[in-house]
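Residue-level listing of the chains:
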Amino acid sequence: MFVSQELRKKNIAEYLLYMWQVEDIIRAYGCSLSRIRKEYIERFDYDEEQKEEMTDWFGDLVRMMNQEGCRENGHLQINKVVMMQLVELNAQLLGSTKFPFYNSEYYRVLPYIVELRNRGKKKEESEVETCFDALYGVMMLRLQKKDISPDTTHAIKEITTFIGMLNDYYFKDKAGELEL
């Protein structure tokens, strides 16, 4: 089973970050399925059937990126929908009096969100997406083995806690166990 399928069932936040990374991998190979197959998929120790499945999956994503106009930047509609679900759930949780710990965590990360927005270009995006942008940015820095300041590390820890809570509520909501 693909990593994406497994993550989608168990951790929607990690799924979204993973899918953003896959979008960037596709862009790094120029949205060329033959290059992805030859230079990326072939590096893995998969049998031929698994390689074919991965090639088909990447092929579908490449087609979607071309159709949706996100070859250079932006996110696939399938990822935007997940983000919208998280944004809507966040608003519902904040609008309810039944989730004081969630509200408390939200207000704990809000100063970091404001600071990130002030530094960035995307001032109109939701607080939730700003958090994901921060998590993705730090993930990329770690992959590049770059230093991360103590202040950033602290902010990311708080954001991770907040997004972790939202993730848990997402699955409770999907299971019909969340009463707003």
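Residues numbered from 1 in each chain as written. Predicted model: local features only at pLDDT ≥ 70, side-chain atom pairs only at ≥ 80, totals over all residues. Heavy atoms only, no water.

**Student:** Pulling in residues and values, what's your account of the pattern of salt bridges?
**Tutor:** Evaluation of the coordinates by the stated rule reveals 10 salt bridges. Residue Arg27 pairs with Asp24 through a salt bridge whose shortest N-O separation is 3.0 Å. Residue Arg27 and its partner Asp24 are both found in helix H2 (residues 12-28); the two are separated by three residues, about one turn of the helix. A residue is classified by how much of its surface remains accessible, and Arg27, at 17% relative accessible area, is buried. Judged by relative accessible area, which is 31%, Asp24 ranks as partly exposed. Among the ionic pairs, Arg108 bridges to Glu105, the shortest N-O distance being 2.5 Å. Of this pair, Arg108 and Glu105 are both found in helix H6 (residues 100-119), three residues apart, which corresponds to roughly one turn of the helix. Here Arg108 falls in the partly exposed class, since its relative accessible area comes to 42%. Given a relative accessible area of 5%, Glu105 falls into the buried group. If you follow the salt bridges from partner to partner, you end up with Arg37, Glu42, Glu48, Lys51 and Glu52 in one network. (Salt bridge = Lys/Arg side-chain N within 4 Å of Asp/Glu carboxyl O. Helix = DSSP H or I, 4+ residues; strand = E, 2+ residues; numbered from the N terminus. Buried < 20%, exposed > 50% of the residue type's maximum accessible area, 1.4 Å probe, protein only.)

**Student:** Quick one: what's the story with a negative patch on the surface, residue by residue and with numbers?
**Tutor:** There is a patch of like negative charges on the surface, built from Asp47, Glu49, Glu53 and Asp56. For Glu53, the location among the structural elements is in helix H4 (residues 48-68). Take Glu53: its relative accessible area is 39%, and that puts it in the partly exposed class. (Patch = residues over 30% accessible without salt bridge, like charges linked within 9 Å, V, L, I, M, F, W, Y side chains within 5 Å. Areas by Shrake-Rupley, 256 points an atom, 1.4 Å probe, with all protein chains shown as cover. Lys, Arg positive; Asp, Glu negative; His and termini not counted. Charge placed at Lys NZ, Arg CZ, Asp CG, Glu CD.)

**Student:** A description of the nonpolar core should follow, citing residues and the corresponding values.
**Tutor:** Residues Ile26, Phe58, Leu86, Phe132 and Ile163 are the most contacted members of the largest nonpolar core, which totals 52 residues. Put simply, the parts of the chain that give this core at least two residues each are H2, helix H3 (33-40), H4, helix H5 (77-95), H6, helix H7 (127-143) and helix H8 (150-174). A per-element tally of this core places H2 first, with 10 residues. Every residue in contact with Phe132, bar those within four places of it in the chain, is listed here: Ala13, Leu16, Leu17, Trp20, Met83, Leu86 and Ile163. (Core = buried A, V, L, I, M, F, W, Y, C linked by side-chain atoms within 4.5 Å. Contact = heavy atoms within 4.5 Å.)

**Student:** Give a detailed account of the packing of H2 against H7, specifying residues and quantitative values.
**Tutor:** Working note: a packed helix pair is described by the angle between its axes plus the distance between those axes. Packing of H2 against H7 brings their axes to within 11 Å, and their N-to-C directions diverge by 60°. By the angle class used here, H2 and H7 are oblique. The interaxial crossing formed by H2 with H7 has right-handed handedness. Across the interface between the two elements, Ala13, Leu16, Leu17, Trp20, Gln21 and Asp24 from H2 touch Glu129, Phe132, Asp133, Leu135, Tyr136, Met139, Met140 and Leu143 from H7. (Axes fitted to C-alpha atoms, helices over the stretch in contact; angles between N-to-C directions. Parallel < 35°, antiparallel > 145°, perpendicular 65-115°, else oblique. Left-handed = near helix turned anticlockwise from the far one by under 90°.)

**Student:** Lay out H7 in plain terms, naming residues and giving numbers.
**Tutor:** Its 17 residues place the ends of H7 24 Å apart at the C-alpha level, agreeing with the 24 Å of an ideal helix rising 1.5 Å per residue. For H7, every residue scored as buried is listed here: Val128, Glu129, Thr130, Cys131, Phe132, Ala134, Leu135, Tyr136, Val138 and Met140. Of the surrounding elements, those touching the buried residues of H7 are H2, H5, H6 and H8. Positive backbone phi, approximately 60°, marks Lys145, located one or two places after H7. (Expected span 1.5 Å × (residues − 1).)

Geometry only, nothing functional implied.
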